[in-house]
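Fold and geometry: a report
Residues per chain are reported as follows:
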Amino acid sequence: MLSEKDTDPIPTKWFIINLRIGQLSLFFVTTCFHATLFLSINRFFAISAPILYRQYFTPANTYKIILFIIFCSICYWAVYFLDGCEFYFSHDKAVWLFVDSACGQFLSTYVDLGYYVGIFILGAMLDLITLIRLKYANANILGIQKEGKFLRKSDVSRHKKEVLFFIQSCLNTLLYCFMLVCFHVISRALPSSRWLQFSSTTLIWGLSHVGGGVILMIFNKDIRFWIRSSLCSISVQSGQISSTSTDGRERTVVNKNGNNIV
């Protein structure tokens, strides 16, 4: 969103911190958007060309792609050190704004809107093709089952996992597309109320990224298992009572059931 001049300028003592927070937020946004596109590409090959998928999407190559995405984000992040290319939070309007300059207008129009929308259009096209291929794959599985033939359990399990990852990819694409539309289109069509502008830009931006994390947890069993294990470990540790007396002697350590540990 291209800014107009703030009627109430940002206090000088917070200005640098404001700019660095805005810069850091764009680093994570860029990383997130490119990762979403990569997820769509990943699902496309997993469903449409499983042999090529297993050949090229190895763990080693995946790490390289992640590092490349981070490198691109760092390059984009560095742009905001240039004068006239700042991105900051306007406490007067309660929204995030690109500075009112030629560089700010370019970043707002051609990068934050044009380039990112292009990413999600490409991702949506890949998701659509993947959906069509997935429909044919499901039809083939049903045909095999009707013929009385049996599929290996590992093949069925892998197919279900690919479907879940595909749904995750689609939901992420739709979520971030909605966020961009709100930030650049809907917010401009709404009345110039401070809280309406805040809700359609800053709040939607934050909720979208929270939603992305929720989607990630819902569709990834390993992440859910890790979270449950971590919470159980914290619960067990919090149930233990350990203290040391002031004279340096160690007291008895008991758990919440009253059993001695030490």
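Thresholds, definitions, all that
- Numbers given for residues are sequential positions, taken from 1 along each chain in its written order.
- Totals for whole chains, interfaces and linings use all residues, but because this is a predicted model, local features are given only for residues with pLDDT of at least 70 and pairs of side-chain atoms are given and counted only at 80 or more.
- Only hydrogens and water are removed before side-chain values are computed, so all heavy atoms of the structure are retained for them.
- Segments assigned H or I by DSSP are reported as helices when at least four residues long, segments assigned E as strands when at least two residues long, and all are numbered from the N terminus.
- We call a residue buried when its accessible area falls under 20% of the maximum for its residue type, exposed when it is over 50%, and partly exposed in between, using a 1.4 Å probe and counting protein chains only.
- Here, two residues are considered to be in contact whenever any of their heavy atoms come within 4.5 Å of each other.
- Only residues above 30% relative accessible area that lack a salt bridge enter a patch, with like-charged residues linked at up to 9 Å and the nonpolar side chains Val, Leu, Ile, Met, Phe, Trp and Tyr linked at up to 5 Å.
- Residue-level accessible areas treat just the shown protein chains as cover; the underlying method is Shrake-Rupley with a 1.4 Å probe.
- By definition here, a salt bridge exists when the distance from a side-chain nitrogen of Lys or Arg to a carboxyl oxygen of Asp or Glu is within 4 Å.
- For two strands to count as paired, DSSP must find a minimum of two bridges between them.
- Stacked, edge-to-face and tilted labels apply to pairs of Phe, Tyr and Trp rings (six-membered ring for Trp) whose centres lie within 6.5 Å, assigned for plane angles under 30 degrees, over 60, and everything in between, in that order.

- Per an unreviewed UniProt entry, the protein chain goes by the name 7TM_GPCR_Srx domain-containing protein and belongs to Heterorhabditis bacteriophora.

1. A look at the overall build of the protein chain
- Within the protein chain, the secondary structure is distributed over seven helices and two strands.
- If you list the helices and strands of the protein chain from N to C, you get α-α-α-β-β-α-α-α-α.
- The proportion of buried residues among the 262 residues of the protein chain is 34%.
- For the protein chain, the proportion of contacts with a sequence separation of at least 24, taken over those separated by at least 6, is 69%.

2. Regarding a nonpolar patch on the surface
- The grouping of Tyr63, Ile66, Leu67, Ile70 and Ile74 at the surface amounts to a nonpolar patch, some 480 Å² of accessible area in total.
- Relative to the assigned elements, Leu67 resides in helix H3 (residues 59–79).
- A relative accessible area of 58% means that Leu67 is categorised as exposed.

3. Remarks on the environment of Asp100
- Looking at the secondary structure, you find Asp100 in the loop between strand S2 (95–98) and helix H4 (102–146).
- The partly exposed category is assigned to Asp100, whose relative accessible area is 47%.
- Residues Asp100 and Cys85, 15 residues apart in the sequence, show an inter-C-alpha distance of 8.8 Å.

4. Some thoughts on the pairing of S2
- On S2, burial covers both faces: Val95 and Leu97 on one face and Trp96 and Phe98 on the other are all buried.
- By the bridge criterion, four bridges tie strand S1 (residues 87–90) to S2 in an arrangement that is antiparallel. Bridged to Phe87 within S2 is Phe98.
- With antiparallel pairing between neighbouring strands as the criterion, S1 and S2 make up a hairpin whose turn holds four residues, including Ala94 at a positive phi of roughly 65°.

5. Notes on the packing of aromatic side chains
- As enumerated under the stated definition, the model contains 21 aromatic pairs in all.
- When the centroid spacing of 4.9 Å and the interplanar angle of 85° are considered together, the rings of Phe33 and Tyr116 count as edge-to-face. Pair noted here: Phe33 is in helix H1 (residues 12–48) and Tyr116 is in helix H4, with a separation of 83 residues, a long-range link.
- Assessed through its relative accessible area of 0%, Phe33 is described here as buried.
- Exposure remark for Tyr116: the relative accessible area of 0% places this residue in the buried category.
- Ring geometry for Phe87 versus Trp205: centroids 5.9 Å apart, planes at 75°, classification edge-to-face. One end of the pair, Phe87, is in strand S1; the other, Trp205, is in helix H6 (residues 194–218), and 118 residues separate them in sequence.
- Residue classification places Phe87 among the buried positions, given a relative accessible area of 2%.
- For Trp205, a relative accessible area of 10% puts it in the buried group.
- Here a set of aromatic residues connected by ring pairs shows up, and it is made of Tyr76, Tyr80, Phe87, Phe89, Trp96, Phe98, Phe183 and Trp205.

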